Amino acid sequence: MNKLWSEVQNEFAGGRNMAQPNGAGELNAVKLETDLLEQWKQENAFASSVQHRSNGAPFIFLEGPPTANGKPGIHHVVARTYKDLVCRWKTMEGFHVERKGGWDTHGLPVEIEVQKRLDLMSNEAIEQFGMDAFNQACRDSVWTYEAAWREMTERMAYWVDLDEPYVTLDNNYVESCWWALKQMFDKGFLYRGHKVLPYCPQTGTSYSSHEVALGYKEVEEPSVYVKFKLTDEDASILAWTTTPWTLPGNVGLAVGPDITYARCRIKEAAGEGWIGAGGANVGEEVILAKDLMKEVLRHHVDIIEEFPGSHLVGRSYEPLFTDAVPRGDSSTAWTVLAADWVTTTDGTGVVHTAVMYGEDDYNLGMEAGLPAYHTVEMNGQFRAGTHPELDGKYVKDCDASIISLLSAPNGSNGAGPESGLLYREKNYSHDYPHCWRTDHPLLYYAMDSWFVRMTAVKERLLEFNDQVEWAPDWVGEGRFGEWLRNVKDWAISRERYWGTPLPVWRSANGQMKCVGSIAELQAEVAKAVAAGIENPPCPDDVDLHRPIVDGFTLLSDEGEPMHREPFVMDCWFDSGCASFAQWHHPFDGGERFNASSPVDYICEGVDQTRGWFYTLLAVSTTVFDSMAYKRCLSLGLILDAEGKKMSKSRGNIVDPWDHFNREGADATRWYMVTAGAPWNPMKFDANGVRETYAKMFLTMWNVYKFHADYAALDGFDPETTTSDIATRPELDRWILSRLATVAKNYHESFVDWQFHKACRDLEDFIVNDVSNWYVRRSRRRLWDEAESGDKLSCQHTLHEVLMTVCRLVAPVSPFMVDVIHRNLTGRPVHEANWPVGVPGTLEGATADSWDQEAAKATAQLPPQDLALESTMELVRELAEAGRRIRIDAGRRQRLPCAQGWIVAGPDLLPFHDLLAEELNVESILVETDLDRFQRIELSPNFRALAPKARAQVNDVANAIKNTEDPEGMLAQIQAGTAEVLGVLIEESDVEIKRVERSGFAADTVEMEVNENTIQVSLVLDMNDTPALLSKGMARDITRRVQAKRKALDLEIEATIDLEIWLANAPEMMAADEDWVAHETRAAGCVFHPNDATPAGDAESFDVDGTTVSFTVK
RNA sequence: GCGCGGGUGGCUUAGUCGGUUAGAGCACCCGGCUGAUAACCGGGAGGUCGCAGGUUCAAGUCCUGCCUCGCGCACCA
């Protein structure tokens, strides 16, 4: 070697030709990454990479805004990896990919957080504290973890602009939301309604269906069968409910008019098996659906009468709680009503109806003219006057009281039958919606609310959804499509404080005005002031939040004062506006949004299907009548190593820094991408990250180090030297062909969203093909100190392979490959061109300037030679076969064989030297007389045989397989005279396999060549000669001495003095002794003959009965 | 309850049109190789392919039912 190792190390700092690689040091992945981050920061690498493509066609990415009031976890890293990798990939392809960051800052999660901190657990408490101060606290709280998010984002190398992000609380952002709402208002999509909605008394607000979907939990609760006593007859109608708290509100019973009901008389007292409260006396009569008698009744009864439900309609019954609901002017209260939605799947076939606490109940009540009266207050407590034992109590705590009231001897109304009004209680388990923030059960509750008429645009939603490229496709067709087909009007108002205020003002007589901008607000305020209505000032920068906006009183066209509807918006509405509100559209002039709509790519967790994926589409459909995004990657859930969902409450959230600080972000990202398809749930296994680091990144680094160290030693410069690929050795042409094949497949997998497959294959290529074969086989080529064409070939090849690999890896794991790429080429990898693609075929490539850009961005891959690839595969299999043969024969690896025979197969002449070395044989011979080492086996081809042999196929197959004389049978087959069990066997019915004859040290490998399977055998000569024994001994001695050198931590160049004693050894040839000296860099090397006594400090080892002792000095 | 996606050695996973020996990696054991790395190579042990039926000459693969996990929908009295 022409330079000492230490000299190379010292060269790192010195200036030199940009393209001439430096040597590589030991790998410290974490330091490599953090140093590079610093360098990126200084170079402004992200902005530069975007700017670099400013002439390219735009590829529009939209960031789904996270909330920064929670700590980021590993699942956020996953989503950000997939966002980042697509953006980086598209950038390398030549697209101009801007990435604006965003923050979601409004809404319930923020409020709850602040409420907990300030101990303001009710709306009253908040108002007492002051809405102003409360909202300020929210505004501050939003940024609690912003630094943590920023650090995580930077450390994982998610390139997104966090310096000018969109923020949903910004006035500009809110103003755009107002504008959007006004578009809906003007189109008649926005309306005020009174509906039964899932309502949380703790947070004091109702929820939209997508929020409710977040909180279903299975609960077991008491359900009750209640007797409703008819007024004109001594009989009761049985009804069932799972929500006893709604019973005081009962004002009607619904029956199916066509359902058959039965009137039954209790025949005898209930048996011992009766559990729980309630009951009935002998002789008492109850009415219920005939089909449900078995399920419901626990007494023996006589059926007295059967009739359809219509016969019951109009009958009146006694209220359960006499004073709970005032009758008002209702004539239908406490009567039986007909409803076609009543079923007999459970319950009694009679539905207890409490107008205000069920959607069907409410609609029926409105239709039938039942009194619409709340027995429950907004805080979830029974209203005063409901019942002395219930008034002022939280309804969910009253199940037991209500049950005992009903089952009391006189019933809850004090007038019931002796046995009470309760027939039976039964625990019932079902999924029930709970508040996604506080975990309390939601109450279905009739209230005023604002809605977006999504049902009016259902068809458009479905049409737009059809045009979205979903990954995986079944999310779009299935889950999301199903959601859209069942679309409900979007309840967008919240009885809350911290959010985008609903910009609608309303007068006492119901006239309404929707304000769509600050300017409009100012104009309206001015108008009101002019009419004498007092108003606070409304400057250009008026804060578009509560309570400021609540302060404005506007003027209706009729001259009445209008007050703002006291709601804020569902915070999902905010993020649904992101595609335009991020640009302050349309107040910015509209260009930015028009140029970036619809969005090319979004990516979030699958849990956003009902969330962001939906609200984006909902808003763009109602506001623009257009689709929102063209491609949507929906990511699977992240589970912990046990397969449990990661959640704060479970405490099983993985901290990304555990891995950033150990294996680095490269390995973390690569692991996440290779762990499975992006849309499948991922079990995050810390061990897997480590494995990825050890396999993928250490290997890649060592390949690079191998190249860079010698390139630096030799002053290799890829730009000033050339090496025609056509003239390079097979090994080089092989790895380059593999590179081309792998790169093309990689790209195709990317296009198909199969990132996991792409990366698994690439990793396999780097580890197996590049490191374990190409580099291993090339090591000696670079040891050669003299300049040579062969060495140059190898260096160019390594250079090309590494450069392309860097570019392929870069979008997924951007650190190490940037360091490598820079050292190899002087250029950052993130401004390099994607190595795969065809000019002009990239989507968006319409403008001329773009075509040129695309063409430039399309690098050339080396030529593919598939025949060479398959030949090399065979060579590698033969090398492995050789090792197997030796182990079977008990011949140690370092003892050479005189010769090896290759039997059959393609010409491997160019690889004979390589094989001789791998197999440790003196020479490789090609055996053309196949029968010398091989015999034939026949195996049945079921596909061909089955149609002919039918049921006998197994017998025929066995006969073929087990024939005593396969050669003879083959001859018959070929002659057309082979018949087994009456079936004529043709050549296509069998597969002819050649395997090694027994009695040889041999093995046979199989492989596919041009759709045919061929068998190639390898035979090794196991005979020993004195020359072979001597050579083998020299090899073993050398290996031991080298190990000793390594143990002594000697410099590679250092020379040693070597003494060797042999006992019971073969005679050593002088040439072999010289070889030992040369290989071990022994200046002095003494071989003591057999039986000399070794020095006292000599180490010894045994090999095949020989004892070798040696000293290294 | 309905729908979607899973269930393959201890763990992670591949498995094409159904074709007879279910393939890798990690971990484990034995051996080899190495101035090549946490590497590499060979071998071994480890599998009722969730269960039960069915179709078929042949089922991990197709059909039916069930169990189980995850997700979603509907949950309403």
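The next subject is the overall build of chain A. Looking only at helices and strands, chain A has 36 helices and 38 strands in total. Here the C-alpha atoms of chain A give a radius of gyration of 41 Å, more than 25% beyond the 32 Å that 2.2 N^0.38 yields for 1113 residues. Its C-alpha atoms give chain A principal-axis dimensions of roughly 120 × 85 × 65 Å. The burial tally for chain A puts 56% of its 1113 residues in the buried class. For chain A, long-range pairs separated by at least 24 residues make up 77% of all intrachain contacts whose partners lie at least 6 apart in sequence. Of the accessible surface of chain A, which amounts to about 46,700 Å², a share of 47% is contributed by carbon and sulfur atoms.

Moving on, we get to empty space enclosed by the protein. Within this structure, the stated rule accounts for six cavities of 30 Å³ or more. Looking at the largest cavity, its volume works out to about 70 Å³. Lining the largest cavity are 11 residues; nearest its centre among them are Gly 107, Leu 108, Arg 494, Met 569 and Cys 571. Looking at side-chain class alone, the lining of the largest cavity contains five nonpolar, one polar and five charged residues. There is about 50 Å³ of room inside the second largest cavity. Taken together, Ser 49, Arg 88, Thr 91, Met 92, Arg 99, Trp 159 and His 830 form the lining of the second largest cavity.

Applying the stated criterion across every chain, the model contains 45 aromatic pairs. Aromatic pair Trp 103 and Trp 149: ring centres 6.2 Å apart, planes at 85 degrees, arrangement edge-to-face. In this pair, Trp 103 sits in strand 1 (residues 100-103) while Trp 149 sits in helix 8 (residues 146-155), placing the two residues 46 residues apart along the sequence. Residues Trp 901 and Phe 933 carry aromatic rings whose centres are separated by 5.3 Å and whose planes lie at 45 degrees to one another, so their mutual orientation is tilted. You can see Trp 901 sitting in strand 27 (residues 897-903) and its partner Phe 933 sitting in helix 31 (residues 930-933), a full 32 residues away along the chain. An identical accessibility class is assigned to Trp 901 and Phe 933; each is buried. Ring pairing ties together the aromatic residues Phe 59, Phe 61, Tyr 82, Trp 89, Phe 95, Tyr 601, Tyr 746, Phe 750, Trp 753, Phe 755 and Trp 834, which thus form one cluster. Positioned over the ring face of Phe 815 is Arg 155, at 5.8 Å from the centre of the ring. Above the plane of the ring of Trp 583 lies Arg 592, whose end atom (NZ or CZ) is 4.0 Å from the centre.

A separate point is the confidence of the model for chain A. Chain-level pLDDT for chain A is 85 on average; 93% of the residues reach the 70-or-more range. Within chain A, helix 1 (residues 5-10) has the poorest average pLDDT of any element, 31, and helix 9 (residues 171-186) the best, 96. Every residue in residues 1-18 is under pLDDT 50, and counting partners more than four places away or in other chains gives 32 contacts. Predicted as a complex, the structure gets a pTM of 0.86 and an ipTM equal to 0.90.

What follows concerns the sheet that holds strand 16 (residues 490-491). Pairing is antiparallel across the open sheet formed by four strands, whose spatial order is 4-3-14-16. Looking along the sheet, the strands with just one partner apiece sit at the ends: strand 4 (205-206) and strand 16. As defined by bridge partners, strand 3 (residues 190-200) adjoins strand 14 (residues 443-452) across 10 bridges and the pair is classed as antiparallel. Bridge assignment links Arg 192 to a residue of strand 14, and that residue is Trp 450.

Ordered in space as 15-24-23, the three strands form an open sheet in which the pairing is parallel. Edge strands, defined here as strands with exactly one partner in the open sheet, are strand 15 (469-471) and strand 23 (602-605). On average, each strand axis in the sheet is inclined to that of its neighbour by 15 degrees, with strand direction left out of account.

Among the 55 residues in the neighbourhood of RNA strand B, the closest are listed as Asp 431, Arg 479, Arg 776, Phe 942 and Arg 1045. Atoms of RNA strand B within 4 Å of the protein: sugar and phosphate make up 51%, bases the balance. At 2.8 Å, a side-chain N or O of Glu 880 approaches a phosphate oxygen of RNA strand B.

A word on the nonpolar core. Among the nonpolar cores identified, the biggest contains 144 residues, and Tyr 82, Leu 633, Phe 684, Met 700, Tyr 746 and Phe 765 are the most heavily contacted of them. Among residues more than four places away in sequence, those in contact with Met 700 are Ile 766, Val 805, Val 809, Met 816, Val 817 and Ile 820. The next biggest cluster of nonpolar side chains, apart from the first, holds 74 residues, and it includes Val 196, Ala 254, Val 301 and Leu 443.

On to the side chain of Thr 105. Along the polypeptide, Thr 105 turns up in the loop between strand 1 and helix 5 (108-118). Within the local environment of Thr 105, its side chain forms a polar contact with the side chain of Thr 168, the two groups lying 2.6 Å apart.

Moving on: the pattern of salt bridges. Taken as a whole, this structure holds 68 salt bridges when the rule is applied. The salt bridge partner of Asp 234 is Lys 229, with a shortest N-O separation of 3.9 Å. By relative accessible area, Asp 234 is classed as exposed at 62%. Owing to a relative accessible area of 15%, Lys 229 belongs among the buried residues under this scheme. Sharing partners across several salt bridges, the network here consists of Asp 232, Glu 233, Arg 263, Arg 265, Glu 285 and Arg 315.

Contact pair helix 35 (residues 1026-1047) / helix 36 (residues 1070-1079): the axes reach a minimum separation of 9 Å and the direction vectors enclose 20 degrees. The angle between the axes of helix 35 and helix 36 places the two elements in the roughly parallel class. Crossing geometry of helix 35 relative to helix 36 is assigned as right-handed. Across the interface between the two elements, Ala 1027, Ser 1030, Lys 1031, Ala 1034, Arg 1035, Ile 1037, Thr 1038 and Gln 1042 from helix 35 touch Asp 1072, Trp 1075, Val 1076 and Glu 1079 from helix 36. Of the residues assigned to the contact of helix 35 with helix 36, the class counts are five nonpolar, three polar and four charged.

This next bit is on the pairing of strand 7 (residues 252-255). Along any regular strand the residues' side chains alternate between the sheet's two faces. Covered by surrounding structure in strand 7 are Gly 252 and Ala 254 together with Leu 253 and Val 255, the residues of both alternating faces. Relative to strand 11 (residues 335-338), strand 7 runs parallel, the two being bridged by four bridges. Looking across to strand 11, one finds that Ala 254 is bridged to Leu 337. The pairing of strand 7 with strand 12 (residues 350-353) spans four bridges and is antiparallel. Bridge pairing links Gly 252 to Thr 353 in strand 12.

The sheet contact formed by strand 35 (residues 1056-1063) and strand 36 (residues 1082-1088) spans six bridges and is parallel. Bridge pairing links Leu 1058 to Cys 1085 in strand 36. Regarding the hand of the β-α-β motif, the stretch spanning strand 35, helix 36 and strand 36 is right-handed.

Where helix 24 (residues 730-751) contacts helix 26 (residues 789-809), the axes come no closer than 10 Å and their chain directions differ by 10 degrees. In this view, helix 24 runs roughly parallel relative to helix 26, as classed from their interaxial angle. Of helix 26, the residues touching helix 24 (which contributes Asp 732, Ile 735, Leu 736, Leu 739, Ala 743 and Tyr 746) are Ser 793, Cys 794, Thr 797, Glu 800, Val 801, Thr 804, Val 805, Leu 808 and Val 809. Residue composition of the contact of helix 24 with helix 26, by class: 10 nonpolar, three polar and two charged.

Our focus in this paragraph is unusual backbone geometry. Of the consecutive residues Arg 546 and Pro 547, the connecting peptide bond is found in the cis state with omega at -5 degrees. Its place among the elements puts Pro 547 in the loop between helix 16 (518-530) and strand 20 (553-555). For Ala 157, which is not a glycine, the phi torsion comes out positive at approximately 65 degrees. Looking at where Ala 157 falls in the secondary structure, it is placed in the loop between helix 8 and strand 2 (161-167). In this structure Ala 157 comes out as buried when scored by relative accessible area, which is 1%. Its identity is not glycine, yet Asp 625 carries a phi of approximately 50 degrees, on the positive side. Tracing the sequence through the fold places Asp 625 in the loop between helix 20 (612-624) and strand 24 (631-635). A relative accessible area of 38% places Asp 625 in the partly exposed class.

The rules behind each value
- Residues numbered from 1 in each chain as written.
- Chains lettered and ligands numbered in written order.
- Predicted model: local features only at pLDDT ≥ 70, side-chain atom pairs only at ≥ 80, totals over all residues.
- Heavy atoms only, no water.
- Helix = DSSP H or I, 4+ residues; strand = E, 2+ residues; numbered from the N terminus.
- Rg over C-alpha atoms; globule rule 2.2 N^0.38 Å.
- Buried < 20%, exposed > 50% of the residue type's maximum accessible area, 1.4 Å probe, protein only.
- Contact = heavy atoms within 4.5 Å.
- Areas by Shrake-Rupley, 256 points an atom, 1.4 Å probe, with all protein chains shown as cover.
- 1 Å grid on protein atoms, 1.4 Å probe; cavity = no way out; pocket = protein on both sides within 12 Å on 5 of 7 lines; lining within 4 Å.
- Points joined across faces, edges and corners; volume = space filled by probe spheres on them.
- Nonpolar A, V, L, I, M, F, W, Y, C, P; charged D, E, K, R; others polar.
- Phe/Tyr/Trp six-rings, centres within 6.5 Å; stacked < 30°, edge-to-face > 60°.
- Lys NZ or Arg CZ within 6 Å of the ring centre and 35° of its normal.
- pLDDT = per-residue confidence, 0-100.
- Pairing = 2+ DSSP bridges.
- Axes fitted to C-alpha atoms, helices over the stretch in contact; angles between N-to-C directions.
- Near = heavy atom within 4 Å.
- Polar contact = N/O pair within 3.5 Å; in protein donor to acceptor, adjacent residues only side chain to side chain.
- Core = buried A, V, L, I, M, F, W, Y, C linked by side-chain atoms within 4.5 Å.
- Salt bridge = Lys/Arg side-chain N within 4 Å of Asp/Glu carboxyl O.
- Parallel < 35°, antiparallel > 145°, perpendicular 65-115°, else oblique.
- Left-handed = near helix turned anticlockwise from the far one by under 90°.
- Right-handed = clockwise from strand over helix to strand, strands pointing away.

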